[in-house]
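Chain by chain, the residues:
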Amino acid sequence: MIIDIITIFPKMFKPVLEESILKRAQEKGLVKINIHNLRDYSDDPNKRIDAPSYGGGGMVFQIEPIYKAMEAILEAPIEPGRKGPSHTQRILFTPKGRTLTQKKIKDFLDCQRLVLIAPRYEGIDQIVSDYLVDEEISIGDYVLGGGELPAMVFCDCLIRLIPGVVSDRESVMQESFQKRMLDYPHYTRPEDFRGFKVPEVLLSGDHQKIKEWRQQEARRVTERMRPDLLK
Ligand code: ADE
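Remember, predicted model here, so these are calculated numbers, not experimental data. (Residues numbered from 1 in each chain as written. Predicted model: local features only at pLDDT ≥ 70, side-chain atom pairs only at ≥ 80, totals over all residues. Heavy atoms only, no water.)

Using the criterion set out here, one finds three aromatic pairs in the structure. Their ring planes at 65 degrees and their centres at 5.7 Å tell us that Phe-93 and Phe-154 sit as a pair that is edge-to-face. With a gap of 61 residues between them, Phe-93 in strand S5 (residues 88-99) and Phe-154 in helix H6 (residues 148-159) connect regions that are remote in the sequence. One exposure class covers both Phe-93 and Phe-154, and it is buried. Ring centres 5.3 Å apart and planes at 70 degrees place the aromatic pair Phe-108 and Phe-154 in the edge-to-face group. Here Phe-154 lies in helix H6 and Phe-108 lies in the loop between helix H4 (102-107) and strand S6 (113-117), a separation of 46 residues in the sequence. A single burial state applies to Phe-108 and to Phe-154, both of which are buried. (Phe/Tyr/Trp six-rings, centres within 6.5 Å; stacked < 30°, edge-to-face > 60°. Helix = DSSP H or I, 4+ residues; strand = E, 2+ residues; numbered from the N terminus. Buried < 20%, exposed > 50% of the residue type's maximum accessible area, 1.4 Å probe, protein only.)

Shown next as structure tokens:
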């Protein structure tokens, strides 16, 4: 999978992409991530990429640099109303988008190519939303300063699901939200820390009993924390 990210803050991505699972996934060649500075595609002498909103209001990201960045990345012109191939998805991060869920993330596992646009929150020309992207995604009902963190959240959720990235794929698939159920609680050594004890059933060695207990606990936690998931 190749992921291209268009941003005006390329440096924000480095620390996140160069650690832990995301770093290893790139080293193993399971994903290639390219960061593009939107200003490199501006023809303005001062490398501006925004302009005042028609009709009054604040500054708005212009179509031209975004179009040029996408054209260079995908090596093809983009025509109004014409969708690209389905294995390539172009995603815009905005609080107006559809909310990201674990189910939605899995739909992108089949893609070979993703182009992520991370604008600043101030706004983006509506023509970009209407004609240049396949999806508008929000990571939740709150407003961030821009799409950089949402793009990183998206990459983190997606890349760990790519086969071969996490060695224990079975446990990844058991996690919270995979079955509209939160994960069961986990415990580790010591069995008793100053009187704080691990549930006895987990020390019993009875695998059937442990399985049943975990199912019960997952349901109990979901009922308490996220009853909406059970509806
Ligand atoms: N940009 C600003 N806030 C956002 C959000 N919640 N999701 C995606 N992009 C955003």
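Any two side chains of opposite charge can pair if their charged atoms end up close together. Here the structure, examined in full by the defined rule, presents twelve salt bridges. Of the charged contacts in the structure, one is a salt bridge between Arg-113 and Asp-4, with a shortest N-O distance of 2.8 Å. Highlighted residues: Arg-113 in strand S6 and Asp-4 in strand S1 (residues 2-7), separated in sequence by 109 residues. Taking the relative accessible area as the measure of exposure, Arg-113 reaches 21% and is therefore partly exposed. For Glu-223, the salt bridge is made with Arg-219, and the minimal N-O distance between the two is 3.4 Å. With a gap of four residues between them, Glu-223 and Arg-219 both fall in helix H8 (residues 207-225), about one helical turn apart. For Glu-223, a relative accessible area of 43% corresponds to the partly exposed category. Residues joined by salt bridges that share partners form a network here, namely Asp-43, Glu-64 and Lys-68. (Salt bridge = Lys/Arg side-chain N within 4 Å of Asp/Glu carboxyl O.)

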